[in-house]
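# Overview (structure and organization)
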Amino acid sequence: MSAVTVRISDDALALACGADAVADAFAAAGCTVIRVSSWGMHWLEPLAEIDGHGFGPLTPGDVGAVLAGASPLGIGRIAAHPFIARQERLTFARAGKIRPLSLDDYAATGGWIGLERARDLGAEATIAEVTRSGLRGRGGAGFPAGIKWTTVAKAPSLRKYVVCNADEGDSGTFADRMVMEGDPYHLIEGMAIAGFAVGAQQGYVYIRSEYPHAIAKMRAAVERAAPIIAPFRIEVRVGAGAYVCGEETSLLNSLEGRRGEVRAKPPLPALEGLFGQPTVVNNVLTLTAVPWIMANGAAHYASVGFGRSRGTMPIQIAGNVRHGGLFEVGFGITLGELVMDIGGGTASGRPVRAVQVGGPLGAYHPPSDFHLPFDYESFAAADALIGHAGITVFDDTVDLSAQARFAMQFCAVESCGKCTPCRIGSTRGVEVLDRIRARTGRVADRVETLPQMHNAKKGARTLSEDIALLTDLCETMKFGSLCALGGFTPYPVLSALRWFPEDFGLPARVQEAAE
Amino acid sequence: MAPMTPTELDRILAAHAGREGALLPILHDVQAAFGHVGEEAVRAIAAALNLSRAEVHGVVSFYHDFHETPAPRPVIKLCRAESCQARGGEALAATLAGETRVTIEPVYCLGLCSVGPNAMVGDGLHARLDAARLSALVESVA
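Predicted, not measured: the structure shown is a model, and the values here were computed from it.

Once that is clear, we can look at the sheet that holds strand β7 (residues 202–207) of chain A. All names here are of chain A. Strand order across the open sheet formed by 4 strands is β8-β7-β6-β9, with parallel pairing between neighbours. At either end of the open sheet lies a strand with only one pairing partner, and these are β8 (233–238) and β9 (279–283). With strand direction ignored, the average angle separating the axes of adjacent strands in the sheet is 20 degrees. Two strands pair when backbone bridges link them, and β7 and β8 are joined in this way by 6 bridges, in the parallel orientation. Along β8, the bridge assignment pairs tyrosine 206 with arginine 237. Helix α13 (residues 284–296) rests against β6 (161–166) and β9 of the sheet, and its axis sits at about 95 degrees to β9.

Let's shift gears to a nonpolar patch on the surface. Residue and element names in this part refer to chain A. A cluster of nonpolar residues, Val447, Leu450 and Met453, forms a patch on the protein surface that exposes about 230 Å² of accessible area. Considering the arrangement of structural elements, one finds methionine 453 in the loop between α18 (420–438) and α19 (463–480). Since its relative accessible area comes to 34%, methionine 453 is described here as partly exposed.

Looking now at the domain arrangement of chain B. As assigned here, chain B comprises domain 1 (6–62) and domain 2 (75–141). Here domain 1 of chain B and domain 2 of chain B have C-alpha centroids that lie 31 Å from each other.

Okay, the pairing of strand β1 (residues 5–9) of chain A next. Residue and element names in this part refer to chain A. Relative to strand β2 (residues 32–36), β1 is paired through 5 bridges, and the arrangement is parallel. Directly across from isoleucine 8, in β2, lies its bridge partner arginine 35. The pairing of β1 with strand β3 (residues 48–50) spans 2 bridges and is classified as antiparallel. When the bridges of β3 are listed, arginine 7 appears paired with glutamate 49.

What counts and what doesn't
- Residues numbered from 1 in each chain as written.
- Chains lettered and ligands numbered in written order.
- Predicted model: local features only at pLDDT ≥ 70, side-chain atom pairs only at ≥ 80, totals over all residues.
- Heavy atoms only, no water.
- Pairing = 2+ DSSP bridges.
- Helix = DSSP H or I, 4+ residues; strand = E, 2+ residues; numbered from the N terminus.
- Axes fitted to C-alpha atoms, helices over the stretch in contact; angles between N-to-C directions.
- Contact = heavy atoms within 4.5 Å.
- Patch = residues over 30% accessible without salt bridge, like charges linked within 9 Å, V, L, I, M, F, W, Y side chains within 5 Å.
- Areas by Shrake-Rupley, 256 points an atom, 1.4 Å probe, with all protein chains shown as cover.
- Salt bridge = Lys/Arg side-chain N within 4 Å of Asp/Glu carboxyl O.
- Buried < 20%, exposed > 50% of the residue type's maximum accessible area, 1.4 Å probe, protein only.
- Domains from an automatic or database assignment.

Written out as structure tokens, the structure is:
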């Protein structure tokens, strides 16, 4: 038995599911245990790999049966598993295959080729390559990366920065975390290419404090890779529990040591960003797409995708879903395929009632939206967004008016307070939704009944008037807020109201054949 | 918890001297060393960074991770975000109503959204929680 080599992930999710105890049990049984990155099949964690074959989810008690060849938890060859075989892994090509902090493993799997090619081509040609690839910002806004880089490169300044936004706060997303914990040199290479292309000397990775394992891995990786990426330098900085710091200008203030308040744009961070200097702010997934593009060519990358959304998207399937995990695929796959075919429906076995796409600021979708192709434009046309590509599945026990209230409450808790629609609107939104949910209506208060309040309504407010008020409030937040926190909170609220009116005390939607 | 000696604070401030945007890294170190960022620390940090005490206080009070007083009880951070809600997180949180030995703090997402409900104690992560496992977790820290 001593010859058996077992590969087990040391990703935070595997650890949370008990991977260390399983690894110890294999080691105690005389096996050689190698800790690797996660394949992203989360329902199978802790997953052990022996000679390419997978076993999971394991507990220490299953180890004996696995080694005796008698475990019912075998899934066959991992690489041939439908969940893996159906993917098109460019950014996550190394997932499950390397020791995260091994420079040898990274170099042996095509690491640093993109950086070398960028240095051979020169800065201008590197930016041209990224522009031609059609790569758009993966943080949510979908802004073309090449255009942002061009702006920074052309900005006249001796000091420039590359900032990686790793403040992955959206519920239902974990791709950034998996990159940093499973393939940290990949992100470092992407940042080094960006730094070389725009002429920046210093890079910062801003990681949320809720990701202690990602912070530790990135710090170790940055230290080990320093000679390779020199003269470019990278430093890891840690957030402090503020969701709004995922907004780029708020993140910059936080990096400068200030309250994480949003800045008004313009000036664009590309021209006046960190410490007032030209700054590239890109998401983890944007930067990690770059080494592949540089190594394999822009045309190859652009040949994958759908419409104006080129390349692949690491989609995160989460919530009440049977087969949750990381699914990287070209844009254009439908929402229904992701939730039903790949995700396998709900974990609870009940019918899917709603899926939220794009985190706390994303819209709720009914199953009648399952035909939507996963790309920026199709979702925008359906009054929705793909955001950071997190999909949270809910079964039929969900109350969408409670979810709408949560969206407003979350906005109230996390608002930075700089703009009024977000700071006050979210609190008023919670109050209106509480009234709607309690079906109590609202009588006029003492001020409203004063004789000099000519325009105030004197009678009680009805449910439909409260709904109109909520809709109006959402309009104000959407168009009046400084950033996406206040501006996008109406998406979950209005989509819940639009598709699930019965949860708000209104008549249910009549099934429309066309929609 | 270490007593708040000026030498420890001085050591933290010296370690970050000259760093750009040093305030958050300093506050993280102070919070980790003393369990809170107290009045004395705010004064010293303000003096070291040439900021007003109000500016430092404004930053401390903005971020959820920094506390002006030490936590009176062990803290369990229980995820209350959408993906954990979809997996029964709210009902799970309700089972801890009336628990007085530990402080249950909400956290909005630990990035383990496919295996919730999840919790974090210190840097340790706990997934696939049900009432029994959460109760065992409470017993282990209380």
